Structure formats: structure tokens, C-alpha cells
Amino acid sequence: MDWGDISWFHHGDNEGPALAQSFLEGEPDAIPRTRVMTRDNAVDAGLPFENREVLILADKKSYRLYYDANDGMIGGIRNYLASWTLDPLTSESCQMTIQSMYDVDENGTVEVAKGWLDPVYVMIVDGLDKHMIKTRAASGAAAAPS
């Protein structure tokens, strides 16, 4: 799966950013590579309409991905760095871990940052889980983490 393809992203009944569009800048498999996302509800919240996440490492063999988003994606935070890891458990399942670190500046609070990030992480895991189930069903076999 290409890092920029977020067709699996599922909003569900969760709070959080309303993703309008996503596209990639740069060549396929290039690092660094930037994913640009637009969010319909960001401006009303005083946040940038466009977010830029920069992929800084991707290891397709060990299912590791690291990126930063330092463009004001959430008001009051800076130095955002995140990682996703997928660790196979069986031929049909894996464990996904999302970690992030960031600094809260004088204009922000941990509660506001968590209020935006926690629902996003839930949407990511939910969307990927549904995507993998659909992929596995379509192939008629176990779908390995991608």
C-alpha cells in the first residue's frame, strides 16, 4: 500500500478532522515524500486548511513508517513526530502501534492536542482494520500487512 493512499481512512462516528482530499508530492517510494491533506473543518477551528506530513523513513520489509507534521496541524503544538509499526501476529492478523511525540507551546494545552489526535488514531486503526478485512475477503485468503 502506498503511504499516500488513504482511501482506507474511515471517519465513522468519531470526532476529529474532516478529510477532504489527500495527494502526494514527490516521486513514488522517494524519501522524503510529502502527503498533503486538506481538512474541511480546520479553518473554523483556527487551523490550517492544508496539512503537510513528511515521510522521513519507510521500511516495507519490517512495516515501519516515520513522519513529521510541523505545519500547525493542531494549534498549540510543534515538533510533531509520529511512527506506525505493524507486527505480524499470525498469517491473518497483526498488531498496529501508533506513537507520536510533540511539544505543547504557550498557546496550546495537552487536552486540546489529545482531543484532536486520539480520535484520529482511532479512525486510522478502524479504517485500516476495515481495509484489511475487505482486502482479505476479496482475495479469498489471508492478507499480509502492507
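Here, every reference points to the structure presented above.
Chemist: Explanation requested: the nonpolar core in the structure shown.
Modeler: In a soluble, globular protein the nonpolar side chains are often hidden away together inside. Formed by 20 residues in total, the largest nonpolar core has its most connected members in Met73, Tyr80, Trp84 and Ile124. Listing elements by their share of this core, those giving two or more residues are strand 4 (64-68), strand 5 (77-90) and helix 1 (110-139). In terms of residues, this core owes the most to one element, helix 1, which gives eight residues. Contact partners of Met73, with chain neighbours within four places excluded, come to Arg39, Leu47, Pro48, Asn51, Tyr80 and Leu117.

Chemist: Sorry, what's going on with the pattern of salt bridges here?
Modeler: Enumeration over the complete set of coordinates arrives at seven salt bridges. Note that Glu50 and Arg52 form a salt bridge whose closest N and O atoms lie 3.5 Å from each other. Classification of Glu50 as partly exposed rests on a relative accessible area of 36%. For Arg52, a relative accessible area of 31% corresponds to the partly exposed category. Across the pair Asp118 and Lys114 runs a salt bridge whose closest N-O atoms are separated by 3.0 Å. With a gap of four residues between them, Asp118 and Lys114 both fall in helix 1, about one helical turn apart. Shared partners join several salt bridges into a network, and the residues in it are Glu25, Glu50 and Arg52.

Chemist: What is the right way to read the pairing of strand 4 from this model?
Modeler: The side chains of a regular strand alternate, residue by residue, between the two faces of the sheet. Only one face of strand 4 is buried: it carries Leu65 and Tyr67, and the other face, with Arg64, Tyr66 and Asp68, is open. In terms of strand pairing, strand 3 (residues 50-59) meets strand 4 through five bridges, oriented antiparallel. Across the sheet, the residue bridging to Leu57 is Tyr66, located in strand 4. Counted along the chain from strand 3 to the antiparallel partner strand 4, the turn is four residues long, and its residue Tyr63 has a positive phi close to 55 degrees. In the sheet, strand 4 pairs with strand 5 via five bridges, with the strands oriented antiparallel. If you follow Tyr66 over to strand 5, its bridge partner there is Ser83.

Chemist: Could you clarify how one ought to interpret the packing of aromatic side chains in this entry?
Modeler: Aromatic ring pairs are reported here in terms of the distance separating the ring centres and the angle at which the planes meet. Evaluated as defined, the whole model comprises three aromatic pairs. On the numbers, 6.3 Å between centres and 50 degrees between planes, the contact of Tyr67 with Tyr80 is tilted. Of this pair, Tyr67 sits in strand 4 while Tyr80 sits in strand 5; the two residues are 13 residues apart in sequence, bridging distant segments of the chain. Side by side, Tyr67 and Tyr80 carry an identical accessibility label, which is buried. Here the aromatic rings of Tyr80 and Tyr102 are separated by 6.4 Å at their centres, their planes lie at 20 degrees, and the arrangement is stacked. Here Tyr80 is found in strand 5, whereas its partner Tyr102 is found in strand 6 (residues 93-104), with 22 residues between them in sequence. Residue classification places Tyr80 among the buried residues on the basis of a relative accessible area of 3%.

About the cut-offs
- Residues numbered from 1 in each chain as written.
- Predicted model: local features only at pLDDT ≥ 70, side-chain atom pairs only at ≥ 80, totals over all residues.
- Heavy atoms only, no water.
- Core = buried A, V, L, I, M, F, W, Y, C linked by side-chain atoms within 4.5 Å.
- Buried < 20%, exposed > 50% of the residue type's maximum accessible area, 1.4 Å probe, protein only.
- Helix = DSSP H or I, 4+ residues; strand = E, 2+ residues; numbered from the N terminus.
- Contact = heavy atoms within 4.5 Å.
- Salt bridge = Lys/Arg side-chain N within 4 Å of Asp/Glu carboxyl O.
- Pairing = 2+ DSSP bridges.
- Phe/Tyr/Trp six-rings, centres within 6.5 Å; stacked < 30°, edge-to-face > 60°.

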